[in-house]
Amino acid sequence: MHVSRSRGRARRPLLPLIAAICAVALIGGCSGAATSASDRPAPDASGTAASDTTNQAADTQPAPNDLQNDYETVIKNVLPSVVQIDAGDALGSGIIWDAQGHVVTNAHVVGKRKSFKVTVATREQPVTARLVSSFPQQDLAVIKLDTVPGGLKAAKFGDTSDVAVGQIVLAMGSPLGLSSSVTQGIVSAVGRTVSEGSSGGGTGATIANMVQTSAAINPGNSGGALVNLNSEVIGIPTLAATDPDLGGTAAPGIGFAIPVSLVKNIANQIIKNGKVNDSGRAALGIEGRTVLGPDFQPAGVAVVSTTKNSAAAAAGIKSGDIIVKIGNTEVPTITSLTEALASIRPGQRVKVSYLRNGATKSAQVTLGRM
């Protein structure tokens, strides 16, 4: 899977784009067709309407504007909690976490900066903010407003276990610098493990259990909110898929959001401790690199070094070994190794197969924590 970050960089005039976007700005409205005379029940022999069954069935149908009203209610409830983050060379989005002014966003939005300008719904002028901490390994970060404006509204965060395929969702943020923008779609899949690139400001994170959505995610949406119709944030839009056959252009309708369970775990630790002590992710404790086989194709992960007292070191794996399997999963690249580990919990015992001086060996490894 090829993915690109949805961070916004361009600062060119957007007037032509705004016109194009405004032309399709209405989202999710349902329209009802009026009943024609030929659609009405024919009278029976007595001259009365054929049956009340049709009318009774019609009474059970949802009102034409129910879904539109739901959309409008969600937008009214959540959009005031979504902010625009100016990181100097780029624009991204964020979500108000609490009344103290903490804002959760993507690590790739904040980059290496320590201070930011944040546009909130309750104030026309931007508010300055500072970095609390960033956790690039899961592409999450928390910043804090220097001054908390009156009426600041924290978002309501949902539960990952309630997210289901087919669920209607809205994505809120600042795509291409257009603040307070909303797109709609559905949850297309859950449980995706996705790796983002490390070039162009990316963190190179591999993130498990991501929510795949058809709601449009564009540059600038990163760090914003993926929301259900209960006005709950269920994820942070982070990545958009790209099609390598089209020169790396965005693949429409394939975006990914960090699941809310991970967001809550990381954000709570950063706010409480100023850092992440437990990512919940398994680790071997190695520094590795992809190696190529005789056919010049990726053939495994060479262990460059092992961390002292790490899971790998304790199992006898050492520098120069080439890891080829985790359990029954082949790991020809460093990315595939990271993805394999992302689906395993710390403390689990797994079989690691590796090559040493051309001979195949294996070890039972009790995985540590990232």
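Residues numbered from 1 in each chain as written. Predicted model: local features only at pLDDT ≥ 70, side-chain atom pairs only at ≥ 80, totals over all residues. Heavy atoms only, no water.

Peer 1: How would you sum up the environment of Gln-348? Please name residues and give values.
Peer 2: With respect to the secondary-structure elements, Gln-348 resides in the loop between helix H7 (334-342) and strand E19 (349-356). Accessibility expressed as a relative area gives 36% for Gln-348, which makes it partly exposed. A C-alpha to C-alpha distance of 5.6 Å links Gln-348 and Thr-366, two positions 18 residues apart in sequence. Non-local contacts of Gln-348, meaning those with residues more than four positions away in its chain, are made with Val-365, Thr-366 and Leu-367. (Helix = DSSP H or I, 4+ residues; strand = E, 2+ residues; numbered from the N terminus. Buried < 20%, exposed > 50% of the residue type's maximum accessible area, 1.4 Å probe, protein only. Contact = heavy atoms within 4.5 Å.)

Peer 1: Explain the side chain of Asp-98 to me, and be specific about the residues and the numbers.
Peer 2: The residue Asp-98 is located in the loop between strand E3 (91-96) and strand E4 (102-105) in this model. Of the side chains with opposite charge, Lys-144 lies nearest to the buried Asp-98, which makes no salt bridge, at 6.9 Å. A distance of 3.1 Å separates the side chain of Asp-98 from the backbone nitrogen of Gln-100, its partner in a polar contact. Within the local environment of Asp-98, its side chain forms a polar contact with the side chain of His-102, the two groups lying 2.9 Å apart. Ignoring sequence-local partners within four residues, the contact set of Asp-98 consists of Leu-152, Ala-154 and Ile-271. (Lys, Arg positive; Asp, Glu negative; His and termini not counted. Salt bridge = Lys/Arg side-chain N within 4 Å of Asp/Glu carboxyl O. Polar contact = N/O pair within 3.5 Å; in protein donor to acceptor, adjacent residues only side chain to side chain.)

Peer 1: Mind laying out unusual backbone geometry, listing which residues take part and the relevant values?
Peer 2: One non-glycine residue with positive phi stands out, namely Leu-176, at about 55 degrees. The topology assignment puts Leu-176 in the loop between strand E8 (168-173) and strand E9 (181-195). Here Leu-176 falls in the partly exposed class, since its relative accessible area comes to 31%. Despite not being glycine, Ser-180 shows a phi value in the positive range, around 55 degrees.

Peer 1: Tell me about the nonpolar core, and name the residues and values.
Peer 2: Among the nonpolar cores identified, the biggest contains 36 residues, and Ile-95, Val-104, Phe-157, Met-172 and Val-263 are the most heavily contacted of them. The leading source of residues in this core is helix H5 (residues 260-273), at six residues. Ignoring anything within four residues of it in the chain, the contact list for Val-263 reads Trp-97, Val-104, Leu-140, Phe-157, Ile-236 and Ile-258. Core analysis: the second largest hydrophobic core is formed by 20 residues, Val-303, Ala-311, Ile-323 and Tyr-354 among them. (Core = buried A, V, L, I, M, F, W, Y, C linked by side-chain atoms within 4.5 Å.)

Peer 1: Describe in detail the side chain of Ser-222, supporting the description with residues and values.
Peer 2: Among the structural elements, Ser-222 can be located in the loop between strand E10 (206-213) and strand E11 (225-227). Overall, Ser-222 belongs to the buried group, its relative accessible area being 0%. A distance of 3.4 Å separates the side chain of Ser-222 from the backbone oxygen of Thr-238, its partner in a polar contact.

Peer 1: Mind laying out the packing of aromatic side chains, listing which residues take part and the relevant values?
Peer 2: All told, the structure shown has one aromatic pair when counted by the stated rule. When the ring of Trp-97 is compared with that of Phe-157, the centres are 4.7 Å apart and the planes differ by 50 degrees; the resulting orientation is tilted. Pair noted here: Trp-97 is in the loop between E3 and E4 and Phe-157 is in the loop between strand E7 (140-145) and E8, with a separation of 60 residues, a long-range link. On the accessibility criterion, Phe-157 (16% relative accessible area) is buried. (Phe/Tyr/Trp six-rings, centres within 6.5 Å; stacked < 30°, edge-to-face > 60°.)

Peer 1: Could you give me a rundown of the sheet that holds strand E2 (residues 82-86), with the residues and numbers involved?
Peer 2: Strands sit in the order E2-E3-E4-E7-E6-E5 around a closed barrel of six strands; the barrel is antiparallel. Each neighbouring strand pair of the sheet contributes to a mean axis angle of 40 degrees, computed without reference to strand direction. The sheet strands contacting H5 are E4, strand E6 (127-135) and E7, and the helix crosses E7 at an angle near 50 degrees. (Pairing = 2+ DSSP bridges. Axes fitted to C-alpha atoms, helices over the stretch in contact; angles between N-to-C directions.)

Peer 1: So, the layout of surface pockets: which residues are in play, and what are the values?
Peer 2: Its volume calculated, the second largest pocket comes out at about 480 Å³. As for the second largest pocket, its lining consists of 25 residues, and the residues nearest its centre are Thr-206, Arg-281, Ile-334, Thr-338 and Met-370. Here the lining of the second largest pocket gets five residues from one element, more than from any other, and that element is H7. For the lining of the second largest pocket, a count of residues per class yields 10 nonpolar, 11 polar and four charged. (1 Å grid on protein atoms, 1.4 Å probe; cavity = no way out; pocket = protein on both sides within 12 Å on 5 of 7 lines; lining within 4 Å. Points joined across faces, edges and corners; volume = space filled by probe spheres on them. Nonpolar A, V, L, I, M, F, W, Y, C, P; charged D, E, K, R; others polar.)

Peer 1: Describe the pairing of strand E17 (residues 322-326), listing the residues and the values that go with them.
Peer 2: With two bridges joining them, strand E16 (residues 298-306) and E17 adopt antiparallel strand pairing. Each bridged residue has a counterpart across the sheet, and for Val-301 the counterpart in E17 is Ile-323. As paired strands, E17 and strand E18 (residues 329-330) are joined by two bridges and run antiparallel to one another. Each bridged residue has a counterpart across the sheet, and for Lys-325 the counterpart in E18 is Glu-330. If you look at the hairpin formed by E17 and E18, you'll find two residues sitting between the two strands, and Gly-327 has a positive phi there, around 65 degrees.

Peer 1: I'd like a rundown of helix H3 (residues 66-78), residues and numbers included.
Peer 2: Taking 1.5 Å as the rise per residue, H3 with 13 residues should run 18 Å; its terminal C-alpha atoms sit 18 Å apart, in good agreement. The set of residues buried in H3 consists of Tyr-71, Val-74 and Val-78. Summarising the axial view, the buried residues of H3 lie within an arc of 65 degrees, below the 170-degree limit, and thus occupy one face. Looking at the packing, one finds that the buried side of H3 touches E2, E8, E9 and E11. (Expected span 1.5 Å × (residues − 1). Arc of directions from axis to C-beta.)

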